[in-house]
Structures are given as C-alpha cells and as structure tokens.
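Next come the chains, spelled out residue by residue.
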Amino acid sequence: MYAATLSTRKEPYERCSPPFKERVEEGSFSLDTERRFHHDKSQMRYFVEPDKTPNFDLRNGYSDRYIKRDENVRKNLEHILQWILANKSKLMQRTDASYVSSALADFDFVTSRGRLTKVLCTPYEGQTEWSLAVTKFQGVFYINEVETENACRGRQNRTESHEENIYWGYKFEQYICADKVDGEPDSTGVVNSNEAFYSVVRTRLSDHRLLYSGEVDCRDKDPKAPAPPACYVELKTSGEMHTEKQRSKFHRFKLLKWWAQSFLLGVPRIVAGFKNDDGLVVSVRTYQTAEIPQLVQGEYLGWKPEVCMNFCSDFLSFVKRVVIEDDPHVVYLFSRKALSDVTFTVHRNSSYSFLPDWYVKEMS
Ligand code: A3P
Ligand code: MG
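Here goes a summary of the coordinates provided. (Residues numbered from 1 in each chain as written. Chains lettered and ligands numbered in written order. Predicted model: local features only at pLDDT ≥ 70, side-chain atom pairs only at ≥ 80, totals over all residues. Heavy atoms only, no water.)

1. Observations regarding the overall build of the chain
Scanning the chain for helices and strands turns up nine helices and 18 strands. For 364 residues, the compact-globule estimate of 2.2 N^0.38 gives 21 Å, and the C-alpha radius of gyration of the chain, at 21 Å, lies within 12% of that figure. With respect to the three principal axes, the spread of C-alpha positions in the chain is 55 × 45 × 40 Å. Counting only residues that meet the buried cut, the chain has 51% of its 364 residues in that class. For the chain, the share of sequence-separated contacts (at least 6 apart) that also reach a separation of at least 24 residues comes to 73%. Total accessible area on the chain is roughly 17,500 Å²; 48% of this is exposed by carbon and sulfur atoms. Side chains of the chain give 51 positive and 52 negative charges; the mean places of these two sets differ by 3 Å. (Helix = DSSP H or I, 4+ residues; strand = E, 2+ residues; numbered from the N terminus. Rg over C-alpha atoms; globule rule 2.2 N^0.38 Å. Buried < 20%, exposed > 50% of the residue type's maximum accessible area, 1.4 Å probe, protein only. Contact = heavy atoms within 4.5 Å. Areas by Shrake-Rupley, 256 points an atom, 1.4 Å probe, with all protein chains shown as cover. Lys, Arg positive; Asp, Glu negative; His and termini not counted. Charge placed at Lys NZ, Arg CZ, Asp CG, Glu CD.)

2. Let's talk about the site of ligand 1
Around ligand 1 sit Arg158, Asn165, Ile166, Gly169, Tyr170, Glu173, Asp217, Glu234, Leu235, Lys236, Thr237 and Gln261, and that is every residue in its neighbourhood. Taking Tyr170, its side chain carries an N or O atom lying 3.4 Å from an oxygen atom of ligand 1. The separation between an oxygen atom of ligand 1 and a polar side-chain atom of Lys236 is 2.7 Å. Protein burial of ligand 1: of its 550 Å² of free accessible surface, 68% is covered by the chains. Of all the elements in the fold, those that place two or more residues in the shell around ligand 1 are helix H5 (160-176) and strand S14 (232-239). Among the elements that take part in the shell around ligand 1, H5 stands out by supplying five residues, more than any other. Taken together, the residues of the shell around ligand 1 sort by class into three nonpolar, four polar and five charged. (Near = heavy atom within 4 Å. Polar contact = N/O pair within 3.5 Å; in protein donor to acceptor, adjacent residues only side chain to side chain. Nonpolar A, V, L, I, M, F, W, Y, C, P; charged D, E, K, R; others polar.)

3. Here we look at the packing of aromatic side chains
If you walk through the whole model with that rule in mind, you get 26 aromatic pairs. An aromatic cluster is built from Trp130, Phe315, Phe318, Phe334 and Phe344, whose rings are joined through pairwise contacts. Above the face of the Phe263 ring, Arg23 is positioned so that its terminal group lies 4.8 Å from the ring centre. Lys171 extends its terminal NZ or CZ atom over the ring of Tyr175, reaching a point 5.4 Å from the ring centre. (Phe/Tyr/Trp six-rings, centres within 6.5 Å; stacked < 30°, edge-to-face > 60°. Lys NZ or Arg CZ within 6 Å of the ring centre and 35° of its normal.)

4. Side note on the environment of Arg204
Relative to the assigned elements, Arg204 resides in strand S11 (residues 196-205). For Arg204, a relative accessible area of 34% translates into the label partly exposed. C-alpha separation for the pair Arg204 and Phe109, spaced 95 residues apart in sequence, amounts to 9.9 Å. Here Arg204 is in contact with Pro19, Phe20, Lys21 and Arg209, once residues within four sequence places are set aside. Looking at Arg204, its side chain comes within polar contact range of the main-chain oxygen of Ser206, at 3.0 Å.

5. Examining the coordination of the magnesium ion (ligand 2)
On the protein side, the magnesium ion (ligand 2) has Asp217 (OD), Glu234 (OE) and Leu235 (O) as donor atoms, found 2.1 to 2.3 Å from it. All donors of the magnesium ion (ligand 2) come from a single chain, and their spacing in sequence reads D-x16-E-L. One end of the pair, Asp217, is in the loop between strand S12 (208-216) and strand S13 (218-219); the other, Glu234, is in strand S14, with 17 residues separating them in the sequence. By the burial criterion, Asp217 is buried, and Glu234 matches it. (Donors = N, O, S within 2.8 Å, 3.2 Å for Na, K, Ca; no water.)

6. Some details on the sheet that holds strand S1 (residues 24-31)
The sheet built from nine strands is open, its strands ordered S2-S1-S11-S12-S6-S8-S7-S17-S18 with mixed pairing. Two strands bound the open sheet, and with one partner strand each, they are strand S2 (37-38) and strand S18 (342-348). Two elements, strand S7 (residues 130-137) and strand S8 (residues 140-146), share seven bridges in a ladder whose sense is antiparallel. Considered in S8, the bridge of Ala133 is made with Asn144. Contacting S1, S2, strand S6 (109-112), S8, S11 and S12, helix H1 (residues 78-86) runs over the sheet at an angle of about 115 degrees to S1. In the packing of helix H3 (residues 113-121) onto the sheet, contacts are made with S6, S7, S8 and S12, and the angle to S6 comes to roughly 90 degrees. (Pairing = 2+ DSSP bridges. Axes fitted to C-alpha atoms, helices over the stretch in contact; angles between N-to-C directions.)

7. A look at the packing of helix H6 (residues 244-265) against helix H8 (residues 305-322)
For the pair H6 and H8, the least separation of the axes is 12 Å and the interaxial angle reads 55 degrees. By the angle class used here, H6 and H8 are oblique. Between H6 and H8 lies a crossing of right-handed hand. Residues Leu256, Trp259 and Phe263 of H6 pack against Pro305, Cys308 and Met309 of H8. Per-class residue counts for the contact of H6 with H8 are six nonpolar, no polar and no charged. (Parallel < 35°, antiparallel > 145°, perpendicular 65-115°, else oblique. Left-handed = near helix turned anticlockwise from the far one by under 90°.)

8. A short note on unusual backbone geometry
A cis amide bond links Pro228 to the next residue, Pro229, at an omega of 0 degrees. By the element assignment, Pro229 lies in the loop between S13 and S14. Its identity as a non-glycine residue notwithstanding, Asn55 has a phi of 55 degrees, on the positive side. The residue Asn55 is located in the loop between strand S3 (46-47) and strand S4 (56-57) in this model. One non-glycine residue with positive phi stands out, namely Ser206, at about 50 degrees. Structurally, Ser206 is set in the loop between S11 and S12.

9. Structural notes on the packing of H3 against H8
Viewed as axis vectors pointing N to C, H3 and H8 meet at an angle of 115 degrees, and their least axial separation amounts to 7 Å. Our classification of the angle between H3 and H8 gives roughly perpendicular. Handedness of the crossing formed by H3 with H8: right-handed. Contacts from Leu116, Val119 and Leu120 in H3 reach Cys308, Met309, Phe311, Cys312 and Phe315 in H8. Tallied by class, the residues present in the contact of H3 with H8 amount to eight nonpolar, no polar and no charged.

In structure tokens:
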C-alpha cells in the first residue's frame, strides 16, 4: 500500500539534493508567426548586450505593432510530440538493445519545462494551485497540464494594465535580441508572441529519466560560446525595487521561479530588466543561475533548491507508483489545491485525455 496523497510541506524535503544530471540538448524546434511547428532553428535569436541603464520604452508598439498569441488554443504536449515523431528513428538508434519496443525506451517521463517549474516551486508557493494530467503509454509517463478553474478565470478577467505588462516582457526581448547572428535588435518591428524557439533536453533526476522541452529566449552569438544549453540566455523583466519589502518579495517568489525555470533547462545566465511604472527599463542586471540560491540564503522565509528538487523527485516517484494502467485514453489527474497536499483522481475516456490519435497511431 502507498499513501494516496503527497505532502507539499517543506519539512519532509529538507535533505541532501537528489542527483540531477547535466541537461543535454537532444534537439530543438521553432514555432512560426502562426504558431506552426517547424523542425528547425528558424526562430533562434541572438543576444545583444544592452546598456546597464538602457531606458528602453516597453510601451512602444503595444497598440499598433502587437500580434498576441491566442491563449484559448491549448496545445497540450503537441509540439514535443511532433518533435518526438520527427526524431523517431534517431531516438530508436540511441538504444543499445537490438530489439527496441519503443522510440522512447530511454525515458520515463515526457513533459515540458513549464510543468516541472510548477512542481519545483510547490513547497514554497502554498497558494498556487495546479492540475497535472498523466497518461502512461508504452511504459512512458506523459505529464500534461490542465488549466485550473481559478487560473482560467484569472486569465479571462485580466485588467488592461496586466495585458500591457505581458506585452512589456516580449518587448524587452525585442530590444535585446537580433534575428541574425551579426544583426542588431529592431525595436521598430512587430512583436508576435506566437513565435518561439524551443530546446528539447534529456536529463535524469534520481532514477527518473526525463525528456522535456522549454522555450529559449536567445543565445550567445559568439561562435566560440559553449554548446547548448550552456550558450542560452534567459531574459526577464521585473518592477524596479525601492523598499526592503519589495526586495524580499522579489527574492522569495520571483527569483525562485526564475531559478527553477532556467536551472531545469540548463540555462546558465538570466538578464533582467527592471522597469518603472511608465514601462521604462531603468536598469539591467545579469544573474548567474547557479548563484541565485546563494542570493536568497539566510533570508527570512527564503527557499532552498534541494527542497524543490527533492519534492520534484518524490512527486515523480509518486506518479510512477500511482499510474498503473498503460492506456493512452486513461488520465490520472494530480491536483494541488491552495495550502493542500497533492491528491489524484482517475479518468477513463474523458475530456482530460490528451495524447492525440496521430501520435498514438504513429508510435504503435
Ligand atoms: P517577463 O517574465 O519577463 O515579464 P519567459 O520569461 O518565460 O520567456 O516569458 C516571456 C514573457 O512572456 C514574460 O516576460 C511575459 O511578459 C510574457 N507572458 C506570457 N504569458 C504570460 C502570463 N500568462 N503571465 C505573465 N506573463 C506572461
Ligand atoms: Mg524570458
């Protein structure tokens, strides 16, 4: 018998960090202006170092040069599944055995970096709710996300200023990224949030072999830069800080998210623009992902990376114990409600099913 719930308190996870292998890039893909999948690097962008006090105007273009991704279209895991099919023979060759029953024989989990970030942050985000749908198919656990009712309501009732703030994040990227290796950023162009470049990485956490995708903002343009993902750069914006309370909130919540997101993908550098209320970037600071945990150490109510990694490892073990039925139409829904532990329910042939028929057919 195993426990039917998983604790989300910090205390059970305060032990040595579990082994987390280096992230190795297995491949990449791009999403174009209409969010169509391309098995190439066409959306790769190149980092151009900004001034320390650049005064970028993030409002520029919001009303006339912004094409916003339709957030009602939920892609589940479709893009990484498309990538898997495009790489099926390569993935099969990776396995030593002469008889391989599945292209994914080397992996236990397929998911996305965003879903894992939510898991990592859970012990420190008591109010955050999530629902993760898991299907076991040919021995591999696919982890998808189901938008909670609260998240859906929040998204549909965003204020205009929240919407504009989201634009500001993309606009910051445009001020810093060039489309070509020898190019310059073009802030007069259109911001289209459909466009994206994704890295697909392989790694191992404890005995869990993982394959997941994550969006990459840009890369170091120096041809001598280390191989991906070590050459990648994450871009972020955050409000200018004036008080100790603001700094503490930034350390406790934002740096935790930034660290988790970049650490999972093996992105070593985060370039942050601090903006004022008028949407001007007043300063820029670079964070080394590996050094972020030290910045919050000793902070009252800080966070510890090993708690995040142990919780993630234990969550994946919990999933392996609970998800027994190997069937593409069966979903085990793992839910974390505010201030609660993780619980699960089982759904057969329900609207939660997410593995597309084209994928199941091609893999069978
Ligand atoms: P910032 O996080 O820098 O403000 P990422 O940093 O993960 O690459 O995301 C890039 C940008 O996407 C974010 O920039 C933010 O502007 C935007 N974004 C998209 N969807 C969002 C959402 N649901 N909530 C907040 N920001 C979102
Ligand atoms: Mg970013």
